[in-house]
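Listed below, chain by chain, are the residues.
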Amino acid sequence: MEKLLEVRNLTKKYYVGKTENKVVDNVSIDVDKGEFVVIMGASGSGKTSLMHLIAGIDDFDEGSIKYMPASGVTTKPPVDDTVDFGRMNGKAKAVFRQRNIGIVFQQQCLIPDLTVYENIMLPLMLKRRPLMLKRRPAGNGKQGKDIILRLCGQFGLTEHIRKYPSQLSGGQQQRAAILRSVVNEPPLLLCDEPTGSLNSAQTKRVMDLLSELNQKGQTIILVTHDTKVAVRGKRIVYIEDGHAGGELTFTKAEGTGQDRMDKKEQELMDFLKERGW
């Protein structure tokens, strides 16, 4: 598989008085195009901090974060070499993030005065392409409106596109937030506890959406505490006190439906118990 992201020996420090604390400590991870990677760990272990570094939201102190142009990321002007966050200032990383990374937070962060349709349209407007998405192979351009309506149809939001966020359930709001994050077809989707404030039924619908996007080729990195959410991924990265505490690639994937999920969850629980979960 093509590598999308390469993180090496990543460290993020902060200070309380003269005391140094490493919220991310010498973490290395590769993510291939099309993977669904789940980051787990106890509260305060550094999961969200790691995601913010990968997104270019925060600066790191040591190590490197590199994106591979061959995996589909785009820059202006185009580059043949890797995109190295260590050589980019905050503005350059923000431009790269806008073009290449979709982000979904636990709180949906929808703009309350905009409809669902308008919220999903925002990334296209910010890219100064309110009517057109980036071109597909063979010049098959798609109008932004058609893409939004298709996405809403696929994921159960068609009847809600003219509603405001306050008129939606939590699960509906989160689905709208996810569609807003992928409408530009970013190479990477980052999800920070996207189901943390949802009930079990809403969680299932959101995870069904993310699983379907991944099956269609979307690369996803997701942070969660929930084992039932984590088993939707293909690989687990465990973070403990800021450093990498091991990885699990699911192997007990025989069977279908709930039986398969139960086997994956048992495999995950065995992995987590070894780490004091």
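Residues numbered from 1 in each chain as written. Predicted model: local features only at pLDDT ≥ 70, side-chain atom pairs only at ≥ 80, totals over all residues. Heavy atoms only, no water.

> Got a minute to help me understand the overall build of the chain in this structure?
Along its length, the chain carries eight helices and 10 strands. Whereas a compact globule of 277 residues would reach a radius of gyration of roughly 19 Å, the chain reaches 19 Å, a difference of no more than 12%. In terms of overall dimensions, the chain has a C-alpha envelope of 50 × 45 × 40 Å along the principal axes. Residues classed as buried in the chain amount to 48% of the 277 residues present. Partitioning the contacts of the chain with sequence separation of at least 6, the portion at a separation of at least 24 is 69%. A total accessible area of about 13500 Å² is found for the chain, and carbon and sulfur atoms account for 49% of it. (Helix = DSSP H or I, 4+ residues; strand = E, 2+ residues; numbered from the N terminus. Rg over C-alpha atoms; globule rule 2.2 N^0.38 Å. Buried < 20%, exposed > 50% of the residue type's maximum accessible area, 1.4 Å probe, protein only. Contact = heavy atoms within 4.5 Å. Areas by Shrake-Rupley, 256 points an atom, 1.4 Å probe, with all protein chains shown as cover.)

> Help me understand the sheet that holds strand β2 (residues 19-32), please; the structure alone is not making it clear to me.
Strands in a sheet are paired, the pairing made by backbone hydrogen bonds, and the direction either parallel or antiparallel. Ordered by their spatial adjacency, four strands build an open sheet running β2-β1-β4-β5, and the pairing between neighbours is antiparallel. Only two strands of the sheet have a single partner each, and these edge strands are β2 and β5 (83-84). By the bridge criterion, two bridges tie strand β4 (residues 62-67) to β5 in an arrangement that is antiparallel. Residue Tyr67 lies in a different strand from β5, and its bridge partner there is Val83. (Pairing = 2+ DSSP bridges.)

> Any chance you could explain the packing of aromatic side chains here in plain terms?
The geometry of an aromatic ring pair is captured by two quantities: the separation of the ring centres and the angle between the planes. Within this structure, the stated rule accounts for five aromatic pairs. Measuring from centroid to centroid gives 5.6 Å for Phe85 and Phe96, while their planes differ by 90°, and the two rings are edge-to-face. One end of the pair, Phe85, is in the loop between β5 and α2 (90-100); the other, Phe96, is in helix α2, with 11 residues separating them in the sequence. Of the two residues examined, Phe85 and Phe96, each falls in the buried class. Here the aromatic cluster, defined as three or more aromatic residues joined through ring pairs, consists of Tyr67, Phe85 and Phe96. Positioned above the aromatic ring of Tyr117, the side-chain terminus of Arg162 is 4.8 Å from the ring centre. Sitting over the face of the ring of Phe250, Lys264 holds its NZ or CZ atom 4.6 Å from the ring centroid. (Phe/Tyr/Trp six-rings, centres within 6.5 Å; stacked < 30°, edge-to-face > 60°. Lys NZ or Arg CZ within 6 Å of the ring centre and 35° of its normal.)

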